[in-house]
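In case you want the letters, here they are:
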Amino acid sequence: MSFKEQVSPQKEKRAIKAAGQTPHGQSGFSDGNSKWLAPAKAKKVTSKRNNVELSSDGEIEDDSWEIEEEEDGSSEEMVDDYGASSSEEEELLPIEKAALKQKCDRGGLSEDDSEEEEEEEVAEEAVEEASGQKMGQKEEESPDLQLNLDIDEEFKLPTNEQIEREAAEPPDLHIIHQRIKGNMEVLQDFGVKREEGRTRQEYLALLRRDMAAYYSYSDFLLRKLMDIFPLPELINFLEANEVPRPVTIRTNTLKTRRRDLAQALINRGVNLDPLGKWSKTGLVIYDSSVPIGATPEYLAGHYMLQGASSLLPVMALAPQENERILDMCCAPGGKTSYIAQLMKNTGMILANDSNAERLRSVVGNLHRLGVTNAVVSNCDGRQFPKVLGGFDRVLLDAPCSGTGVISKDPAVKTNKDEKDILRCAHLQKELLLSAIDSVNAASETGGYIVYCTCSITVEENEWVVDYALKKRNVRLVATGLDFGKEGFTRFKDRRFHPSLKSTRRFYPHTHNMDGFFIAKFKKFSNAIPQAQKDEEPAVEATTPSAVPGTTMEPQPKKKKLEGSKADKEQKPPQPALKKSRSLQAQRRSLKAGRPSPKMMRSQVPTRKKHRVKMNGQ
């Protein structure tokens, strides 16, 4: 339908009214156009379409009206384009008029309209043909393009000249990224796609250098990560560290419920959701029109800004009411307050930290959250059993290198080396042994230790746990967490205790939370095996049957080497040696028992005095 068709009925009506014609076609015109505008004898004809056209100035052209006269001279009402009288037309609504117009247009169209529609159809067909030709060209070109891509995808190691040239110029990240992808594809199918005469180590060295340039990591840390993750998973881990983790909060059930807190924050323009099925108190914040750390609910202590991974150690610890619990490294107090709310402010929590400055935030958070069963202390955790012990449960969130929270602290990418990792591991071993010694194995409800770090290196996690299993009477138990990856039982040339499968690892690219490691111990004896080993010689001398493995093994070896004759010959001199040693001991005792001249002089007057006293009596 053209624009002229839509406008013609209304323009006709306006023109008729402007000419002064009544609705029923009565005469009453005073201008010069009354002759041709006067109602003539016309017959009722439903024409296909009246050619009503608009001039350039918007007026109706004169030759747009065609009225036929009947021979009998009878006059009828004016008929509009729709085949209805003007009185009926006035009663119809605009929507009804449009509907009638469409019906009439379906019945018959003028030659102009048909030509226009034909032109439109031809144009549409031309467009379709052009698009079809383009698609055909793309389909025809696609094999060639695919072949070109296949040719380009044949990855080749750069030459030494290219490497030197790249080192002299600023790095092109796009080229490096494409080279990482190509290198990964070759390494995944190395036997087929590798370049002849090239070793796998050359490809790995190039990949490590490219990833260090693209993601800004040190070569040392990338080596560590490549030992932990397979190559495809390593890329996902590096990409996940470039994106910040979601903001999460923990509801303080000492003061409110999660449902009420969520509704209050939604009313303030916060977009949030429950953290997950595994947490009954966590909320994840997607967007907020107000600062989350300054709302009235936050200041009232209704929630705590806390990472999702920080909730897991407390859930693994599973504190019970009326217990004595030690949080050895408590700052800034998120885990301590979570323990308090699970205990419902009963029992006693000793919140300890070696840094006095960080304890200020602990005190502030405990007051804000309404924790009343906590005691804050500032002691070195390595010396803690000497200060106080006998706890039911201990939580040790040990200081670490922070390789699991790179998204929060990107400086970890470059400022860590082997010495930092080993220094942290040594400190963690000392703290873990101290935490185990602080627990009472005879506790009716407890005797558990939870060790956790925000690091993913094996030296700070499985290595430390395996060391504690050898040095103390503890065993690993299930953490109670339904998700997370199992810990390593073997790593490179190291073999750890099989029970390390019960430990849990969490990664940013798989669980969308900070990298974390959690292990849960159960202490079954307060005795220290290391002290027993030191006392082994004395124990063997007194009770040789106490440790049969160590006392019985050397005896058969002596018999095999010496023989029966040697034994017979050695038996007689043994008592002689004993007699000589006893005589020497007696002589020494006699010499030691002999009084010196000075002693004799001092003893003489005492005897005289005694005699005088006796004589006097």
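What you see is a predicted model; the values in this text were computed from it and never measured.

Cut-offs used in this document
- The numbers attached to residues start from 1 for each chain and follow its sequence in the written order.
- The predicted origin of the model limits local features to residues at a pLDDT of at least 70 and limits the giving and counting of side-chain atom pairs to 80 or more, whereas totals for whole chains, interfaces and linings rest on all residues.
- Each side-chain value is worked out from all heavy atoms of the structure, with water and hydrogens disregarded.
- Starting at the N terminus, helices and strands are each numbered in turn, a helix being any DSSP run of H or I of at least four residues and a strand any DSSP run of E of at least two.
- The buried label goes to any residue with under 20% of its type's maximum accessible area, the exposed label to any with over 50%, and the partly exposed label to all in between, with areas taken from a 1.4 Å probe on protein chains only.
- It only takes one pair of heavy atoms within 4.5 Å for two residues to be counted as in contact.
- Surface exposure here means Shrake-Rupley accessible area, sampled with a 1.4 Å probe, where a residue is shielded only by the protein chains that are shown.
- Think of a nonpolar core as a cluster: buried Ala, Val, Leu, Ile, Met, Phe, Trp, Tyr and Cys residues, connected wherever their side-chain atoms sit within 4.5 Å.
- For the purposes of these results, a polar contact is taken to be a pair of N or O atoms within 3.5 Å, where, inside protein, one atom must be able to donate a hydrogen and its partner to accept one; residues adjacent in sequence count only when each atom of the pair is a side-chain atom.
- In short, DSSP must find at least two bridges between two strands for them to pair.
- For helices, the fitted axis covers only the stretch in contact; all axes are lines through C-alpha atoms, and the angles between them, taken along N-to-C directions, range from 0 to 180 degrees.
- Only protein atoms enter the 1 Å grid, on which a cavity is a set of points fitting a 1.4 Å probe that cannot get out and a pocket is an open set with protein on both sides within 12 Å along at least 5 of 7 lines, lining residues being those with an atom within 4 Å of a point.
- Grid points are joined across faces, edges and corners, and a volume is the space filled by probe spheres set on the points.
- Any Lys or Arg side-chain nitrogen found within 4 Å of a carboxyl oxygen on Asp or Glu counts as a salt bridge.
- Working definition: a ring pair exists when centres of Phe, Tyr or Trp rings (six-membered ring for Trp) sit within 6.5 Å. Plane angles under 30 degrees give stacked, over 60 give edge-to-face, the rest tilted.
- In this tally Asp and Glu are treated as negative and Lys and Arg as positive; neither His nor the chain ends contributes.

Draft legend 1. Inspection of the overall build of the chain at higher detail. On a plain count of helices and strands, the chain comes out with 27 helices and 15 strands. Expressed as a percentage of its 617 residues, the buried residues of the chain come to 36%. Taking all contacts inside the chain whose residues are at least 6 apart in sequence as the whole, residues at least 24 apart take part in 71%. Of the accessible surface of the chain, which amounts to about 37100 Å², a share of 51% is contributed by carbon and sulfur atoms.

Draft legend 2. Region of the structure containing the nonpolar core. If you look at the biggest cluster of nonpolar residues, it comprises 60 residues, and the most contacted ones within it are Met211 and Phe521. Examining the composition of this core, we find that seven residues originate from one element, helix H9 (residues 200-215), more than from any other. In this structure, Ala340, Ala351, Phe483 and Met513 belong to the second largest nonpolar core, which totals 32 residues.

Draft legend 3. Seen up close, the environment of Met304. With respect to the element layout, Met304 can be found in strand S4 (residues 303-305). Residue Met304 is classed as buried on the basis of its relative accessible area of 6%. With eleven residues separating them in the primary sequence, Met304 and Gly293 have C-alpha atoms 8.7 Å apart. Not counting residues within four places of it along the chain, the set of residues in contact with Met304 comprises Thr248, Ile249, Arg250, Gly334, Asn365, Arg368 and Leu369.

Draft legend 4. Geometry of helix H15 (residues 334-343). Taking burial as the measure, the ten residues of H15 include nine buried ones, the bulk of the element. Following H15 by one or two positions, Lys344 has its phi on the positive side, about 60°.

Draft legend 5. Highlighting the environment of Glu459. The topology assignment puts Glu459 in the loop between strand S9 (448-453) and helix H19 (462-471). Setting aside residues no more than four positions away along its own chain, Glu459 makes contact with Lys224, Ile421, Ala425 and Val464. In terms of polar contacts, Glu459 uses its side chain to reach the side chain of Lys224, at 2.7 Å.

Draft legend 6. Local environment of the sheet that holds S4. Taken in spatial order, the four strands line up as S2-S3-S1-S4 in an open sheet, and their pairing is antiparallel. The open sheet has two edge strands, strand S2 (270-274) and S4, and neither has a second partner. Across the sheet, the axes of successive neighbouring strands diverge by a mean angle of 35°, strand direction being ignored. Here strand S1 (residues 247-251) runs beside strand S3 (residues 282-288); their pairing, made up of four bridges, is antiparallel. In the sheet register, Arg250 faces S3, and the bridge partner there is Gly282. Where helix H12 (residues 258-267) meets the sheet, its contacts fall on S1, S2, S3 and S4, and the angle it forms with S2 comes to roughly 155°.

Draft legend 7. Focus on the layout of surface pockets. Taken as a whole, the largest pocket encloses approximately 870 Å³ of empty space. Taken together, 39 residues line the largest pocket, and the ones lying closest to its centre are Ala331, Arg358, Asp397, Ala398 and Cys454. Counting residues per element, the ones that place at least two in the lining of the largest pocket are S4, H15 and helix H18 (418-437).

Draft legend 8. Representation of the pattern of salt bridges within the structure. Summed over all chains, the structure comprises 22 salt bridges. Linking Asp380 and Arg382 is a salt bridge whose minimum nitrogen-to-oxygen distance equals 3.2 Å. For Asp380, a relative accessible area of 31% gives the class partly exposed. With a relative accessible area of 39%, Arg382 lands in the partly exposed category. Glu430 serves as the salt-bridge partner of Arg382, at 3.3 Å between the closest nitrogen and oxygen. Of this pair, Arg382 sits in the loop between strand S7 (374-377) and helix H17 (384-387) while Glu430 sits in helix H18; the two residues are 48 residues apart in sequence, bridging distant segments of the chain.

Draft legend 9. Region of interest: the packing of aromatic side chains. Counting across every chain of the model gives eight aromatic pairs. Between Tyr214 and Tyr215, the ring centres sit 4.9 Å apart and the planes meet at 85°, which makes this aromatic pair edge-to-face. Classification of Tyr214 by relative accessible area gives partly exposed; the value is 26%. Among the aromatic residues, those joined into a cluster by ring pairs are Phe229, Phe237 and Tyr507.

Draft legend 10. Representation of the side chain of Asp353 in the model. Within the secondary structure, Asp353 is located in the loop between strand S6 (348-352) and helix H16 (359-369). An unpaired buried charge is present at Asp353: no salt bridge exists, and Arg358, the closest side chain of opposite charge, is 4.7 Å distant.

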